[in-house]
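# Fold and geometry: a report
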Amino acid sequence: MPTRTFASPAELQAALGEQQYIANDEIATILYLSQQLGKPLLTEGPAGVGKTELAKALAGATGRELIRLQCYEGLDETKALYEWEYAKQLLYTQLLRDKLQETLAAAPNLAAAADRLAAEEDVFFSMRFLLQRPLLRAILSKEPTVLLIDEIDRADAEFEAFLLEVLSDFQVSVPEIGTLTAVHRPLVVLTSNNTRELSEALKRRCLYLFIDYPTVEQELAVVRLKVPELAPRLARQAVELVHRLRTMDLRKAPSISETLDWARALVALNARQLDPQTLETTLSVLLKHESDLQRVRREMGQVEPDGEPRPPRRPRPDDDEFTRYRRVN
Amino acid sequence: MEERIIQFISALRGGGVRVSLAESADAFKAIEELGIQDRERFKLALRATLIKDASDLATFEELFPLFFDATEAPPLLNLAQDLTPEEAAMLAEALRQFSRRLREMLEKLIRGEMLSQQELDQLGQMVGLNRATDLRQREWMARRMAQALRFREVQEALRQLMELLAQMGINKQRLEQIRQLLQANQEALMEQLRQHAGQRIAQNMAQRRPDQEIDELFNRPFNALSDQDMDRLRKEVRRLAALLRSRIALRQKRARTGQLDAKATIRANLKHGNVPIEIVHRDRTLKPKLVVICDISTSMRYCSELMLGLIYALQDQISKTHAFAFIDHLEYISPDFVGQEPNAAIAGVLARMPSGYYNTDLGFSLEQFSRNFLDTVDSRTTLIVVGDGRNNYNNPRLDIFSMLARRSHRTIWLNPESPLLWATGDSDMLKYAPLCDIILQVSTLAELTAAIDKMLVQR
């Protein structure tokens, strides 16, 4: 499939729509900017609003291959960039032993033999033995790619600093081979759940897009697109309920993907309306913490009889014993 | 237009948003791509390039309309034009009842005259608008300007005027029309004031040099900070934490090429028939375990608050933190930080344990600590006490403290007071001092940051 570039944000928006991703003007415009300026795009927002999905849709829309680098604590260059395939190198030296001996046999002395061996060294440190990890793959790919660096906030700060070098000029130097430069500049999307502050240097190099929970209408459109079997009236009710849940102070607010799961559950259960019975059985699809569940049940007017009263606050000890000396501390 | 954008960027900086030169250059490139015709796109171009933190979005949204929206207040309607001569005469008659000042104001309203730039500037000077550099003051400033224009009296006068006109026998429907019109005019004037206040504040923000001021705040002693200063420092905590983190990360990277780990090397090379192809080095950077005991009495509040803020922003560099707060008794506050922003959690704790006339008692708090939480201190723990050691002549419980110091890996005391004061008054600092491994004087945020940097080096 040929890759595409887009002439306007509207065109990009339409192409994303074809990938079943409903992008609002904001997303489309900033994504377009990122394509035009050749800058990585940093997307932030609550979990489950479709940040990763955006990168996938972008790959689909542009016809580029998606290369994904999932970040986690302890991720380092050998897992993200490249690694020498030691086992393979070792295997080759073993298998090629005879050939090596042949090469070295004619050498008059040790120094000459070492020279000859050095001349053949390149064989073992060539691209053949280089295990390409996502970053290097994105750089070396012959076809243009979309590089998704997922949940960058989970990686260590140290890795972030290393990523800076790669993202600014898309080249890496492998000491044994030399400098490898990108054939095509990949479109880079970084996502972050904002669990920690990213370094300013990284932010400076990126365009910034904050994706928040969608409005009722937008989310309804998503539900209609992905779960078309759900009756429209019920879909609206469901989405409105989810929005109400998001305004409550929950440990984990339901995400879009959970709304979709719930919509599918409603379809599977053949629900006709959101009655207490249906809610009771399906609410656990939306809420993943027991305390959240109880709280929502309580607020929806379904008080559980065995709801334990909260323990009383611990009294402050020795409240009346400090008459000896007082001061404004 | 370019100048306007540059002003806008300086205003953002004045509002505490950090915008680098590279980012403002990006903003111009982005605008070149998207043009300035479509307002929404123009806004997005600026936002995506200038704002890199969700918490700065609010400042952006507030400032943007002040710089780039058509700032004309809704036009006032001229009532005088469409009055019949008869009505005009009645109006003039009624107006004569008022004092000169009020009459002039009312006539202005009737003619639908806007305030001139000169008048606005004068009003601004009267209420001190030229010194305002915070958009939160906008409404208040507008209202003060309205007060200076005697809006309330004018409103009262308007009501009287309507009554007078009614007595003179003007058409009821017509009267209602006139009333609505004057009302609208007055609201429009208020809007004009609001606009002016906003623009003026934005201008002031653009002229302010933010960085010097914040640097100065970093070096200002805790006890000289105002609430406003604290607000700004709280915002800076996350950024400082990011700085600290990259410093720590770099140090760890350098430390990693340490000793050869023989066991791990053999294990890793089993697959190569024990030919040591992969060399494994000992990872010397154990993340520290912290137990933090913070004095949150009035004198120590800011220091402890910033300390907790920094520690919790750096959680990924620390393997475990147990935080405690005390005034007259001790509370375990780590649970407050679960699933909450550090700043919100700290605010919650401070609200739960309000400062006031308490008897600061570290001795009793230590006793509580050793009774209930002793298991949090082991030979890998760094024990940190944040306090001034002023114990209100209570028993300092040195026995417990020395036991804790022995149990822990290191004991660090952070004290905002200068050593010269340790022997004075109710300070027990000199008694605690020999038991600590390190005592750091932290009277400013800069010192606190340096202290934390030092603490996180594990040996």
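Residues numbered from 1 in each chain as written. Chains lettered and ligands numbered in written order. Predicted model: local features only at pLDDT ≥ 70, side-chain atom pairs only at ≥ 80, totals over all residues.

### Some remarks on the overall build of chain B
For the record, the criterion: Numbered from the N terminus, helices here are DSSP runs of H or I no shorter than four residues, and strands are runs of E no shorter than two. For a compact globule the rule gives 2.2 Å times the number of residues to the power 0.38, and the radius of gyration it is set against comes from C-alpha atoms. With C-beta atoms placed from the backbone, a residue is buried if 20 or more other C-beta atoms are within 10 Å of its own, exposed if 12 or fewer are, and partly exposed between those counts. Two residues qualify as being in contact provided that their C-beta atoms, derived from the backbone, are within 7 Å of each other.
From N to C terminus, chain B includes 19 helices and 6 strands. For chain B, the C-alpha radius of gyration of 32 Å lies well beyond 23 Å, the compact-globule estimate for 459 residues. Its C-alpha atoms give chain B principal-axis dimensions of about 110 × 60 × 35 Å. Within the span of chain B, comprising 459 residues, buried residues form 36% of the whole. Restricting the contact set of chain B to residue pairs at least 6 apart, pairs at least 24 apart contribute 77%.

### A short note on the domain arrangement of chain B
Residues and elements named next belong to chain B. Cut-off, in case you're wondering: The split of the chain into domains comes from an automatic or database domain assignment. By the convention adopted, Pro, Cys, Tyr, Trp, Phe, Met, Ile, Leu, Val and Ala count as nonpolar, Lys, Arg, Asp and Glu as charged, and the other residues, Gly among them, as polar.
For chain B, the domain assignment lists domain 1 (2-68), domain 2 (80-207) and domain 3 (231-255 + 287-455). Relative placement of domain 1 and domain 2: their C-alpha centres are 35 Å apart. Contact residues are listed per partner, giving 9 residues for domain 1 and 7 residues for domain 2. Mapped by element, the contributors of at least two residues to the side of domain 1 that touches domain 2 are α1 (2-14) and α4 (57-68). Taken together, the residues of the side of domain 1 that touches domain 2 sort by class into 4 nonpolar, 4 polar and 1 charged.

### Notes on the sheet that holds strand β5 (residues 410-415) of chain B
All names here are of chain B. The condition that has to hold: Note: two strands are recorded as paired if DSSP finds a minimum of 2 bridges between them. For helices, the fitted line uses only the C-alpha atoms of the stretch in contact; every axis is such a line through C-alpha atoms, and the angle between N-to-C directions lies from 0 to 180 degrees.
Spatial ordering of the open sheet is given by β3-β2-β1-β4-β5-β6, a layout of 6 strands whose pairing is mixed. Looking at strand neighbours, the two that pair on one side only are β3 (330-332) and β6 (438-441), the edges of this open sheet. Taking the axes of each pair of neighbouring strands and ignoring which way they run, one obtains an average angle of 20° across the sheet. Taken together, the 6 bridges between strand β1 (residues 289-295) and strand β4 (residues 381-386) define a ladder with parallel strand orientation. Counted as the bridge partner of Val 292 is Ile 384 from β4.

### Some points on the interface of chain A and chain B
The partner chain B presents 47 residues to the 35 residues of chain A that form the contact. Within the residue set of the side of chain A that touches chain B, elements represented by two or more residues are α2 (25-37), α5 (86-95), α9 (157-169), α10 (200-205) and β9 (207-210) of chain A. When residues in the side of chain A that touches chain B are grouped by element, the largest group, 7 residues, is from α2 of chain A. Here the side of chain A that touches chain B is built from residues that sort into 16 nonpolar, 5 polar and 14 charged.

### Examining the nonpolar core
The following threshold applies: The term nonpolar core refers to a group of buried residues, namely Ala, Val, Leu, Ile, Met, Phe, Trp, Tyr and Cys, whose C-beta atoms join them within 7 Å.
Ranked by size, the top nonpolar core spans 104 residues in total, and within it Leu 41, Leu 58 and Val 189 of chain A carry the most contacts. Considering each element in turn, this core owes the most residues, 7 residues, to helix α10 (residues 172-207) of chain B.

### Description of the sheet that holds strand β8 (residues 187-192) of chain A
All names here are of chain A. Spatially, β2-β5-β8-β1-β9 is the arrangement adopted by the 5 strands of the open sheet, whose pairing is parallel. The sheet terminates laterally at β2 (65-70) and β9, the two strands that pair on one side only. The mean angle between the axes of side-by-side strands here comes to 20°, regardless of whether they run parallel or antiparallel. Pairing between strand β1 (residues 41-44) and β9: 4 bridges, direction parallel.

### Some details on the domain arrangement of chain A
Per the domain assignment, the segments of chain A are domain 1 (9-77 + 135-210), domain 2 (82-129) and domain 3 (216-299). Placing the centre of domain 2 of chain A and that of domain 3 of chain A at their C-alpha centroids yields a distance of 63 Å.

### Considerations on the pairing of strand β7 (residues 178-181) of chain A
All names here are of chain A. One ladder, built from 4 bridges, connects strand β6 (residues 171-174) with β7; its direction is antiparallel. Each bridged residue has a counterpart across the sheet, and for Val 174 the counterpart in β7 is Gly 178. From the end of β6 to the start of β7, which pair antiparallel, there are 3 residues.

### A look at unusual backbone geometry
Despite not being glycine, Gln 20 of chain A shows a phi value in the positive range, around 65°. Within the secondary structure, Gln 20 of chain A is located in the loop between α1 (9-18) and α2. In this structure Gln 20 of chain A comes out as partly exposed when scored by C-beta crowding, with 13 C-beta atoms within 10 Å. A positive phi angle, close to 50°, is found at Arg 397 of chain B, a residue other than glycine. Relative to the helices and strands, Arg 397 of chain B resides in the loop between β4 and α17 (398-407). Looking at Arg 397 of chain B, the number of C-beta atoms within 10 Å reads 21, which means it is buried.

### Overview of the environment of Pro 134 of chain A
All names here are of chain A. With respect to the element layout, Pro 134 can be found in helix α8 (residues 134-140). By C-beta crowding, Pro 134 is classed as partly exposed, having 18 other C-beta atoms within 10 Å. Along the chain, Pro 134 and Leu 100 lie 34 residues apart, while their C-alpha atoms are 34 Å from each other. For Pro 134, the contacting residues outside a window of four places in its chain are Ile 67, Arg 68, Leu 69 and Ala 80.

### Thoughts on the packing of α1 of chain B against α4 of chain B
All names here are of chain B. So the rule is basically this: For a crossing to be left-handed, the near helix must be turned anticlockwise from the far one by less than a right angle; the clockwise case is right-handed.
Their axes nearest at 10 Å, the elements α1 and α4 cross at an angle of 150°. Seen from above, α1 lies across α4 with right-handed handedness. On α4, the residues that touch Arg 4, Gln 7, Phe 8, Ala 11 and Leu 12 of α1 are Thr 59, Phe 60, Leu 63 and Phe 67. For the contact of α1 with α4, the class distribution of residues is 6 nonpolar, 2 polar and 1 charged.

### Observations regarding the packing of α2 of chain A against helix α2 (residues 21-34) of chain B
The condition that has to hold: Small angles under 35 degrees read as roughly parallel and large ones over 145 as roughly antiparallel, with 65 to 115 read as roughly perpendicular and the rest as oblique.
Running from N to C, α2 of chain A and α2 of chain B point in directions that differ by 105°, and their axes come no closer than 10 Å. What the angle tells us is that α2 of chain A and α2 of chain B run roughly perpendicular. Here α2 of chain A contributes Thr 29, Leu 33, Gln 36 and Leu 37 of chain A to the contact with α2 of chain B, which in turn contributes Asp 26, Lys 29, Ala 30, Glu 33 and Leu 34 of chain B. Tallied by class, the residues present in the contact of α2 of chain A with α2 of chain B amount to 4 nonpolar, 2 polar and 3 charged.

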